[in-house]
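# Understanding the architecture of this molecule
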Amino acid sequence: MTVDPPVDPPADPPADLGSSSPEHPLPVTEVAALGRRVLDEVGTAVVGMRDTLELALATVLAGGHVLFEDVPGLGKTLAARSLATALGLDFARLQCTPDLLPSDITGSSVFDPASREFVFRPGPVFTGLFLADEINRTPPKTQSALLEAMAERQVSVDGVSRPLPRPFHVMATSNPVEYEGTYPLPEAQLDRFMVRLEVGYPDRAQERDVLLRRVARRQEAAPVRPVVDAAAVLAMQAGVETTEVDPDVAGYCVDLAAATRTHGALEVGASPRGSQNLLLLARAVAVLDGRDFVLPEDVKRVAVPVLAHRLTLTPTAWASAVRAQDVVSELLASVPGPATVGRRG
């Protein structure tokens, strides 16, 4: 088991560090501006992942959790660490292994000889952004230790529920091409992640840029500066919550989710949590684009990352190499969207 210690915020943050009270939601224009600054700062360390990082940031602003699923070496861990730093969140990384125990995540009570009492020692999950690296390498018993934390933002140990810091988000990585010694995430665990994102290989120019940046900085670490702090993230999230949604857009999300429940290639379709997450993420994407209203195109953009990992293929479809992503893309082409949607009022 390898645990990276939480990253403490800088003692003297920059003078222009974005900050606000969570009780006062930021306007959409300010959320969009801060979002662009965060993405630009992360882009100084991470090359060629702008769209993926924007969806990851939108997921955080929508209050969700992110699963990065792709082959090793594409910068998934670097992306999560850089995003946490730019957002000013405490960060902890846990390298998942087969011998990992639930208490290695949540913490446990340890006997203190001085006081002759059991004292709770919090685990790495007590942080702002928790990265579970290669989560499919740890058994289901340990994977399930994150269920309560992801759903309720609290951890229960020895009959006592302890709240996690606010904001709290989980990012996990998973290797989809290696199966020996791994434990695929069960459907209930996958459903806790708002999105599953694929990074993909960089093109030649981007990969060349990665090499040249490494040579230029003369060290392995790629420094990223904080752009906002935890209070500003909460205010940005509150700003997203103030955005209104046209009922027709909500109906479109419901229609997409409902279509997965009757598709012939699927045994299990998306639940109402899927349609809700579809709408919440589409709203956050719209805000990052500087709009206080959601378009059907926002829903279409996030449909595959939100819905695909919630679907269970039939054995026949699986044997025919049908992918859940292809099913969602097919439904996007066949399910009619709202005719006209714009700013309300």
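Keep in mind the model is a prediction, meaning the values are calculated, not measured. (Residues numbered from 1 in each chain as written. Predicted model: local features only at pLDDT ≥ 70, side-chain atom pairs only at ≥ 80, totals over all residues. Heavy atoms only, no water.)

## Brief notes about the side chain of threonine 127
Tracing the sequence through the fold places threonine 127 in the loop between β5 (117-122) and β6 (129-133). According to the relative accessible area criterion, threonine 127 is buried, its value standing at 2%. One polar contact links the side chain of threonine 127 to the main-chain amide nitrogen of phenylalanine 91, over a distance of 3.4 Å. Look past the residues within four positions of threonine 127 in its chain and what remains in contact with it is Asp90, Phe91, Ala92, Pro165, Pro167 and Phe168. (Helix = DSSP H or I, 4+ residues; strand = E, 2+ residues; numbered from the N terminus. Buried < 20%, exposed > 50% of the residue type's maximum accessible area, 1.4 Å probe, protein only. Polar contact = N/O pair within 3.5 Å; in protein donor to acceptor, adjacent residues only side chain to side chain. Contact = heavy atoms within 4.5 Å.)

## Observations concerning the nonpolar core
The nonpolar side chains of a soluble globular protein tend to be buried, and buried together. Residues Val38, Leu87, Met171, Val228, Leu278 and Val299 are the most contacted members of the largest nonpolar core, which totals 81 residues. Here this core gets nine residues from one element, more than from any other, and that element is helix α11 (residues 272-288). Leu67, Leu146, Met150 and Leu185 belong to the second-largest nonpolar core, a separate cluster that totals 24 residues. (Core = buried A, V, L, I, M, F, W, Y, C linked by side-chain atoms within 4.5 Å.)

## Describing helix α10 (residues 247-260)
Helix length check: α10 (14 residues) gives 20 Å between terminal C-alpha atoms against 20 Å at 1.5 Å per residue, within 8%. Those residues of α10 that are buried are in contact with β11 (266-268), α11, α12 (296-307) and α14 (324-334). Structurally, the start of α10 carries an N-cap: the backbone nitrogen of aspartate 248 is 2.8 Å from a side-chain oxygen of aspartate 246. (Expected span 1.5 Å × (residues − 1).)

## Some thoughts on the confidence of the model for the protein
Segments scoring low in pLDDT should not have their predicted coordinates read at a detailed level. For the protein, the average pLDDT comes to 87, and 91% of its residues sit at 70 or higher. For the stretch residues 5-16, pLDDT sits under 50, and the model shows 12 contacts to residues farther than four places along the chain or on other chains. (pLDDT = per-residue confidence, 0-100.)

## A short note on helix α8 (residues 204-217)
Given 3.6 residues to a turn, an α-helix orients residues that are three or four positions apart in the same direction. The end-to-end C-alpha separation of α8 is 20 Å, in line with the 20 Å expected for 14 residues at 1.5 Å each. Where α8 begins, the capping side chain belongs to aspartate 203, and its oxygen is found 3.3 Å from the backbone nitrogen of alanine 205. A positive backbone phi angle near 60 degrees is found at arginine 218, which sits one or two residues after α8.

## Examining the packing of α10 against α12
It is at 10 Å that the axes of α10 and α12 come closest, and there the two elements cross at 30 degrees. Accordingly, the angle class assigned to the pair α10 and α12 is roughly parallel. For the crossing formed where α10 meets α12, the hand is right-handed. Here Val249, Tyr252, Cys253 and Leu256 of α10 lie close against α12, whose contacting residues are Pro296, Val299 and Lys300. Residues of the contact of α10 with α12, tallied by class, amount to six nonpolar, no polar and one charged. (Axes fitted to C-alpha atoms, helices over the stretch in contact; angles between N-to-C directions. Parallel < 35°, antiparallel > 145°, perpendicular 65-115°, else oblique. Left-handed = near helix turned anticlockwise from the far one by under 90°. Nonpolar A, V, L, I, M, F, W, Y, C, P; charged D, E, K, R; others polar.)

## Describing the environment of methionine 171
With respect to the helices and strands, methionine 171 occurs in strand β9 (residues 169-174). According to the relative accessible area criterion, methionine 171 is buried, its value standing at 1%. Taking the C-alpha atoms as reference points, methionine 171 and alanine 80, separated by 91 residues in sequence, lie 6.9 Å from one another. Other than its neighbours up to four places away in sequence, methionine 171 contacts Ala56, Val60, Val66, Phe68, Ala80, Leu83, Leu129, Phe130, Leu131 and Ala132.

## Brief notes about the layout of surface pockets
Volume-wise, the largest pocket comes out at about 1,100 Å³. Taken together, 34 residues line the largest pocket, and the ones lying closest to its centre are Glu69, Leu190, Arg196, Leu311 and Trp318. Sorting the residues of the lining of the largest pocket by element identifies α7 (187-190), β12 (312-313) and α14 as the ones contributing at least two each. Here the residues of the lining of the largest pocket sort into 16 nonpolar, nine polar and nine charged. The volume enclosed by the second largest pocket comes to roughly 570 Å³. Around the second largest pocket, the lining is made up of 25 residues, and of these Gly73, Leu74, Gly75, Leu78 and Val210 lie nearest the centre. Of all the elements in the fold, those that place two or more residues in the lining of the second largest pocket are α3 (76-86) and α8. Among the elements that make up the lining of the second largest pocket, the one with the highest residue count is α8 (six residues). Looking at the lining of the second largest pocket, its residues break down into 12 nonpolar, six polar and seven charged. (1 Å grid on protein atoms, 1.4 Å probe; cavity = no way out; pocket = protein on both sides within 12 Å on 5 of 7 lines; lining within 4 Å. Points joined across faces, edges and corners; volume = space filled by probe spheres on them.)

## Re the packing of helix α1 (residues 28-43) against α3
One way to put it is that α1 packs onto α3 with a least axis distance of 9 Å and a crossing angle of 135 degrees. In terms of orientation, α1 lies oblique with respect to α3. The two elements α1 and α3 cross, and the hand of that crossing is right-handed. When α1 is examined against α3, the residues Val38, Glu41 and Val42 are found in contact with a partner set consisting of Ser82, Leu83 and Ala86. Taken together, the residues of the contact of α1 with α3 break down into four nonpolar, one polar and one charged.

## A word on the pattern of salt bridges
Side-chain pairs of opposite charge can arise whenever the charged atoms involved come near each other. Here the structure, examined in full by the defined rule, presents 14 salt bridges. Here arginine 301 and glutamate 54 are joined by a salt bridge, their closest N and O atoms 3.5 Å apart. One end of the pair, arginine 301, is in helix α12; the other, glutamate 54, is in helix α2 (residues 50-61), and 247 residues separate them in sequence. The exposure class assigned to arginine 301 is partly exposed, which follows from its relative accessible area of 33%. Measuring nitrogen to oxygen at the nearest pair gives 3.0 Å for the salt bridge that ties arginine 93 to aspartate 133. Note that arginine 93 is positioned in strand β3 (residues 91-95) and aspartate 133 in strand β6, a separation of 40 residues in sequence. Residue arginine 93 is classed as buried on the basis of its relative accessible area of 15%. (Salt bridge = Lys/Arg side-chain N within 4 Å of Asp/Glu carboxyl O.)

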